[in-house]
Amino acid sequence: MAHRRVRAQPLSLLRRRPSVLLLALFSSLLFLAFLHICASVLRRANDLGRRCLANPSVFSGISTSAMTRTLKIAMVSLSLEEISDGVGRPTRRRSFRGVMAAVGGNKRAYAARMGYDFVDAHDLVDPGRPPSWSKIVAVRSQLPSHDWVFWNDADTVVTNPDISLENILGAVIGQADFETSPDLVVTEDVNGINAGVFFVRRSKWSENFLETWWNLTSFVQFGSTKSGDNDALKYLIRNLSSHELRSHVRISPMQCLFNSYPWYPSWKSVHQLIFSSGAVWRGVYSRGDFMVHLAGLDDKKEWADRIIQELEAQRRDYVYLTRQRPLYTP
Ligand SMILES: *[C@@H]1O[C@H](CO)[C@@H](O)[C@H](O)[C@H]1NC(C)=O
Ligand SMILES: *[C@@H]1O[C@H](CO)[C@@H](O)[C@H](O)[C@H]1NC(C)=O
């Protein structure tokens, strides 16, 4: 009896193993299919009814005292690739290599078309801190000569050049005139306020805010993927009184208004999709969004190149279609 059982066990295991293997294979395929479906559904968020630019009310930005003055806006960025951190430690330059070369043309073309100044402030980098902190220096340098400064990290691409920065400000601020507008316009992602893309208005409050942010030296971090500037900004905004927050800061209800993130399958992104699906949905990059931000991605140049190629293909399709079927027949 006992002898037979010992022999029977491995036999039955052997017999069962193919089905176990099949089951494992089948569930992995099912999981891959699930990831693929997630990615394509999220990519079509705007087709499925998501609205990033809800009620784009006209933002005049015209001061009541100054008659018909249009806003002077600077798009400020900083190419990080040629930067060392000044103390010989490795920085994030690896993942930023070639990114400004890939996206510079895209941003310059958008700014020129819209009448904004485009500034690459790489000459202002403070070598004593991780380069990401120098966005504060860069924004401060442009604030006296502009009404609004639109900061965008190097790893961003304008994906819908038909949306103006005034449209975006209008969607967040509404009908306010320049003097009564809030001073800081930001977005929130799964982790809270994001310091990668934001607007700052020229004002005393903004000057003081930027200086206080710069002064939060205890947040400076070297050597990790975090440099601390984002945590410092979060701390600063958390520390504002509710009155100050209400009158000076606006957080866009939709992250995709001007700071969309591409969604790609990874353990982290699947976890976020399951446990913070609302935040993922509000921020995921979908066709028609204003700006994509390659936050947290390592191969930034490849992503930027691919997205720019997609945009060019879309434009070619559009030109082709409108030539075939004119929108207005004479
Ligand atoms: C920032 O630090 C500098 C130098 O320590 C100081 O002079 C300045 O008042 C500080 N600014 C703010 C807004 O805290
Ligand atoms: C945080 O808020 C307190 C109380 O308003 C203020 O005294 C302090 O200066 C703030 N800290 C920073 C870093 O802004």
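The structure this text deals with has already been given above.
In this text the structure is predicted, and so the values were computed from the model without any measurement.

Thresholds applied
- Residues numbered from 1 in each chain as written.
- Chains lettered and ligands numbered in written order.
- Predicted model: local features only at pLDDT ≥ 70, side-chain atom pairs only at ≥ 80, totals over all residues.
- Heavy atoms only, no water.
- Near = heavy atom within 4 Å.
- Polar contact = N/O pair within 3.5 Å; in protein donor to acceptor, adjacent residues only side chain to side chain.
- Areas by Shrake-Rupley, 256 points an atom, 1.4 Å probe, with all protein chains shown as cover.
- Nonpolar A, V, L, I, M, F, W, Y, C, P; charged D, E, K, R; others polar.
- Salt bridge = Lys/Arg side-chain N within 4 Å of Asp/Glu carboxyl O.
- Helix = DSSP H or I, 4+ residues; strand = E, 2+ residues; numbered from the N terminus.
- Buried < 20%, exposed > 50% of the residue type's maximum accessible area, 1.4 Å probe, protein only.
- Pairing = 2+ DSSP bridges.
- Contact = heavy atoms within 4.5 Å.
- Axes fitted to C-alpha atoms, helices over the stretch in contact; angles between N-to-C directions.
- Core = buried A, V, L, I, M, F, W, Y, C linked by side-chain atoms within 4.5 Å.

Notes on the site of ligand 2
Stage number 1. Close contacts around ligand 2 come from Thr212, Leu216, Tyr235, Leu236 and Asn239, and that covers them all.
Stage number 2. In this structure, an oxygen atom belonging to ligand 2 sits 2.5 Å away from a side-chain N or O atom of Asn239.
Stage number 3. Relative to its free-state accessible area of 360 Å², ligand 2 is covered by the protein chains to the extent of 37%.
Stage number 4. Each residue belonging to the shell around ligand 2 can be placed in one class, and the counts come to 3 nonpolar, 2 polar and no charged.

Focus on the pattern of salt bridges
Stage number 1. Within this structure, the stated rule accounts for 14 salt bridges.
Stage number 2. As a salt-bridge pair, Glu310 and Arg43 come within 2.6 Å of each other at their nearest N and O atoms. Of this pair, Glu310 sits in helix 11 (residues 300–324) while Arg43 sits in helix 1 (residues 2–43), and the two are 267 residues apart along the sequence.
Stage number 3. Across the pair Glu211 and Arg140 runs a salt bridge, and its minimum N-O distance is 3.9 Å. Here Arg140 lies in helix 4 (residues 134–142) and Glu211 lies in helix 6 (residues 204–215), a separation of 71 residues in the sequence.

Things to note about the site of ligand 1
Stage number 1. As a matter of local geometry, ligand 1 sits amid Asn208, Glu211, Thr212 and Asn215.
Stage number 2. Between a nitrogen atom of ligand 1 and a side-chain N or O atom of Glu211, the distance comes to 2.7 Å.
Stage number 3. A distance of 2.3 Å separates an oxygen atom of ligand 1 from a polar atom in the side chain of Asn215.
Stage number 4. Relative to its unbound accessible area of 360 Å², ligand 1 is 37% covered by the protein chains.

What to know about the pairing of strand 5 (residues 184–189)
Stage number 1. Buried residues dominate strand 5, accounting for 5 of its 6 residues.
Stage number 2. Pairing analysis gives 5 bridges linking strand 5 to strand 6 (residues 192–201), with the strands arranged antiparallel. Looking at the pairing, Thr187 lines up with Asn194 of strand 6.
Stage number 3. Remark: 2 residues form the turn of the hairpin made by strand 5 and strand 6, two consecutive strands paired antiparallel.
Stage number 4. Direction of pairing for strand 5 relative to strand 7 (residues 249–251): parallel, over a ladder of 3 bridges.

Section: helix 5 (residues 165–173)
Within an α-helix, residues lying three or four positions from one another point in the same direction, as the helix has 3.6 residues per turn.
Stage number 1. Considered for burial, the residues of helix 5 that qualify are Leu165, Ile168, Leu169, Gly170, Val172 and Ile173.
Stage number 2. Looking at the buried residues of helix 5, the elements they touch are strand 1 (73–77), helix 3 (99–114), strand 3 (148–152), strand 5, strand 6 and strand 7.

Digging into the sheet that holds strand 3
Strand pairing within a sheet occurs via backbone hydrogen bonds; the two strands may be parallel or antiparallel.
Stage number 1. Pairing in this open sheet of 6 strands is mixed, and the strands run 2-1-3-6-5-7 from one edge to the other. The strands lining the two open edges of the sheet, one partner per strand, are strand 2 (117–120) and strand 7. Sheet twist, expressed as the average angle between the axes of neighbouring strands with direction ignored, equals 25°.
Stage number 2. Along the sheet, helix 6 contacts strand 5, strand 6 and strand 7; its crossing angle with strand 6, the most-contacted strand, is approximately 140°.

Things to note about the nonpolar core
Stage number 1. Ranked by size, the top nonpolar core spans 38 residues in total, and within it Met75, Trp148, Phe150, Leu165, Phe199, Phe258 and Phe290 carry the most contacts.
Stage number 2. For this core, the leading source of residues is helix 3, giving 6 residues.
Stage number 3. When residues no more than four places from it in sequence are discounted, the contact partners of Phe199 are Trp148, Val149, Phe150, Leu165, Ile168, Leu169, Asp183, Leu184, Val185 and Phe258.
Stage number 4. Among the nonpolar cores identified, the runner-up in size contains 34 residues, and Val125, Leu184, Val186 and Trp205 belong to it.

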